[in-house]
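# Reading the structure
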Amino acid sequence: MSGLVIAVDGPAAAGKGTLARRLAAELGLPYLDTGLLYRATGRRVLDDAGDPRDPAVAAAAASALTPADLARADLRGPEADMAASAVAAIPAVRAALLEWQRDFGRRHGAVLDGRDIGTVVFPEAPVKLFVTASPAERARRRWLELQAKGIAADPTVVAAELAARDEQDRQRAVAPLKPAEDATVLDTTSLDAEAAFAAAMALVRARLPRTPSNSA
Ligand code: DC
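Residues numbered from 1 in each chain as written. Predicted model: local features only at pLDDT ≥ 70, side-chain atom pairs only at ≥ 80, totals over all residues. Heavy atoms only, no water.

### A look at the overall build of the chain
Heads up, the rule is: By the criteria applied, helices consist of DSSP H or I runs no shorter than four residues and strands consist of E runs no shorter than two, each listed in order from the N terminus. Only the C-alpha atoms count toward the radius of gyration. The rule for a globule is 2.2 Å times the residue count to the power 0.38. Exposed residues in this analysis have more than 50% of their type's maximum accessible area, buried residues have under 20%, and partly exposed residues fall in between, with area computed by a 1.4 Å probe over protein chains only. Residue contacts are defined here by distance: any two heavy atoms, one from each residue, within 4.5 Å place the two residues in contact. Accessibility throughout is a Shrake-Rupley quantity obtained with a 1.4 Å probe, and a residue counts as covered only by protein chains that appear here. By the counting scheme adopted, Arg and Lys are positive, Glu and Asp are negative, and His together with the chain ends is not counted. Where a charge lies is defined by one atom per residue type, namely NZ (Lys), CZ (Arg), CG (Asp) and CD (Glu).
Counting secondary structure elements, the chain contains ten helices and five strands. In summary, the chain has a C-alpha radius of gyration of 17 Å against a globular reference of 17 Å for 216 residues, a match within 12%. A principal-axis box enclosing the C-alpha atoms of the chain has dimensions of 55 × 35 × 30 Å. Scored against the burial criterion, the 216 residues of the chain give a buried share of 48%. Long-range pairs, those at least 24 residues apart, make up 78% of the contacts in the chain with a sequence separation of at least 6. Accessible area of the chain: about 10,100 Å², with a carbon and sulfur share of 58%. Within the chain, one finds 27 positive and 28 negative side-chain charges whose respective centroids are separated by 3 Å.

This is the structure:
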């Protein structure tokens, strides 16, 4: 591995994307939101009016992904969320996306966020965070995000969608959502983004005494 790899896993809307992006900026590392790969795969299947639970169709979509797919504007929202979670349960889809993620991380090091970075994609990563928050707090944050985008949503429906997706991500047979044995669990229920970042940087410094920003 030619650079530092940091794994940031956790359930939906726990704040891992915000945290991972900030860690990457602080440490001068590339950042990869691996959820985008599953979202783009699900979107391709939906475009062709396919069923995201169909292994052959979903694996073909995953193998055909291009950078343009990852830049699409329609990768978020309830339909894209559930399609991503459905394709992510298919072993052939995960296999098709695995090397791409590893290549990305190996090139210059990286901060990657997802569900299985510390368990499957980079089990040897020296820093692993499992970022979580209570279901009610995660639902509140997701609802606020939607509000900020001008999307009216029923808080009860938002909470139910998050719960269904987490359940599907936790229960799948392949690479389920769970903390790696050597991950540090960071519960952000009562932490704002700043406090979560400070806690994560404290862990990075403890694990990697010679991190460039360790003098900060
Ligand atoms: O992080 P996200 O909410 O954008 O991820 C969307 C879906 O993709 C999520 O419900 C599960 C799946 N996913 C996964 O299985 N493994 C990853 N490393 C990242 C995401």
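Right, picking up where we left off after that structure.
### Considerations on helix H9 (residues 155-171)
We count it as follows: Take the residue count of a helix, subtract one, and multiply by 1.5 Å to get its expected span. Regarding the arc, it is the one traced by the directions from the helix axis to the C-beta atoms. Each polar contact in these results corresponds to two N or O atoms within 3.5 Å; when the atoms are within protein, one needs to be able to donate a hydrogen and the other to accept it, and residues that are neighboring in sequence are counted only if both atoms are side-chain atoms.
Spanning 17 residues, H9 covers 24 Å between terminal C-alpha atoms, matching the ideal 24 Å at 1.5 Å per step. Val158, Glu161, Leu162, Arg165, Asp166 and Asp169 are the residues of H9 that are buried. End-on, the buried residues of H9 take up no more than an arc of 125 degrees, which puts them together on one face. Seen from the open side of H9, the exposed residues pointing more than 90 degrees away from its buried face are Thr156, Val157 and Gln171. Its side-chain oxygen 2.8 Å from the backbone nitrogen of Thr156, Asp154 forms the N-cap of H9.

### With respect to the site of the ligand
Worth spelling out the cut-off: Only a single heavy atom is needed: when it lies within 4 Å of a molecule or strand, its residue is near that molecule or strand. Amino acids are sorted into nonpolar (Ala, Val, Leu, Ile, Met, Phe, Trp, Tyr, Cys and Pro), charged (Asp, Glu, Lys and Arg) and polar (every other residue, Gly among them).
In the vicinity of the ligand, 16 residues are found, and the nearest of them are Arg39, Arg94, Arg115, Asp169 and Arg172. Between the ligand and Arg39, the relevant distance is 2.7 Å, taken from an oxygen atom to a side-chain nitrogen or oxygen of the residue. Arg94 places a polar side-chain atom, nitrogen or oxygen, 2.8 Å from an oxygen atom of the ligand. Burial of the ligand by the protein amounts to 97% of the accessible area it has alone, namely 450 Å². When residues of the shell around the ligand are traced back to their parent elements, those giving at least two are helix H2 (35-47), helix H5 (78-88) and H9. For the shell around the ligand, a count of residues per class yields three nonpolar, four polar and nine charged.

### With respect to the packing of H5 against H9
Short version of the rule: Lines are fitted to the C-alpha atoms to define the axes, a helix being fitted only along its stretch in contact, and any angle between axes, read from their N-to-C directions, falls within 0 to 180 degrees. Orientation labels follow simple angle bins: below 35 degrees gives roughly parallel, above 145 gives roughly antiparallel, 65 to 115 gives roughly perpendicular, and whatever is left gives oblique. Left-handed describes a crossing whose near helix is turned anticlockwise from the far helix through less than a right angle; right-handed describes the clockwise counterpart.
The N-to-C vectors of H5 and H9 enclose an angle of 10 degrees; their axes lie 9 Å apart at closest approach. By the angle between their axes, H5 is roughly parallel relative to H9. The interaxial crossing formed by H5 with H9 has left-handed handedness. Contacts from Pro78, Asp81, Met82, Ser85 and Ala86 in H5 reach Glu161, Ala164, Arg165, Gln168 and Asp169 in H9. Of the residues in the contact of H5 with H9, the class split is four nonpolar, two polar and four charged.

### Structural notes on the sheet that holds strand E4 (residues 127-132)
This is how the line gets drawn: Two strands qualify as a pair provided DSSP detects at least 2 bridges between them.
Reading across the sheet, the five strands line up as E2-E3-E1-E4-E5 and stay open at both edges, with parallel pairing between neighbours. Each edge of the open sheet is held by one strand with a lone partner, namely strand E2 (31-33) and strand E5 (184-187). Strand-to-strand twist of the sheet, defined as the mean angle between neighbouring strand axes without regard to direction, takes the value 20 degrees.

### Overview of the pattern of salt bridges
Here is the rule we go by: Salt bridge, as used here: a side-chain nitrogen of Lys or Arg that lies within 4 Å of a carboxyl oxygen of Asp or Glu.
Applying the stated criterion across every chain, the model contains 20 salt bridges. A salt bridge links Asp74 to Arg72, with the nearest nitrogen and oxygen atoms 2.8 Å apart. Taken together, the salt bridges that share partners define one network made up of Arg43, Asp47, Arg72, Asp74 and Glu79.

### Some thoughts on the nonpolar core
Convention followed: Throughout, nonpolar core names a set of buried Ala, Val, Leu, Ile, Met, Phe, Trp, Tyr and Cys residues whose side chains join them through atoms within 4.5 Å.
Membership of the largest hydrophobic core comes to 20 residues, with the highest contact counts inside it found for Ile6, Val8, Leu19, Leu23, Val111, Leu129 and Val204. Within the residue set of this core, elements represented by two or more residues are strand E1 (5-9), helix H1 (16-27), E4 and helix H10 (193-207). Once you skip the residues sitting within four places of it in the chain, Val8 turns out to touch Lys16, Ala20, Leu23, Val111, Leu112, Asp113, Gly114, Leu129 and Val131. Core analysis: the next-biggest nonpolar cluster, separate from the first, contains 15 residues, Tyr38, Ala58, Ile90 and Val93 among them.

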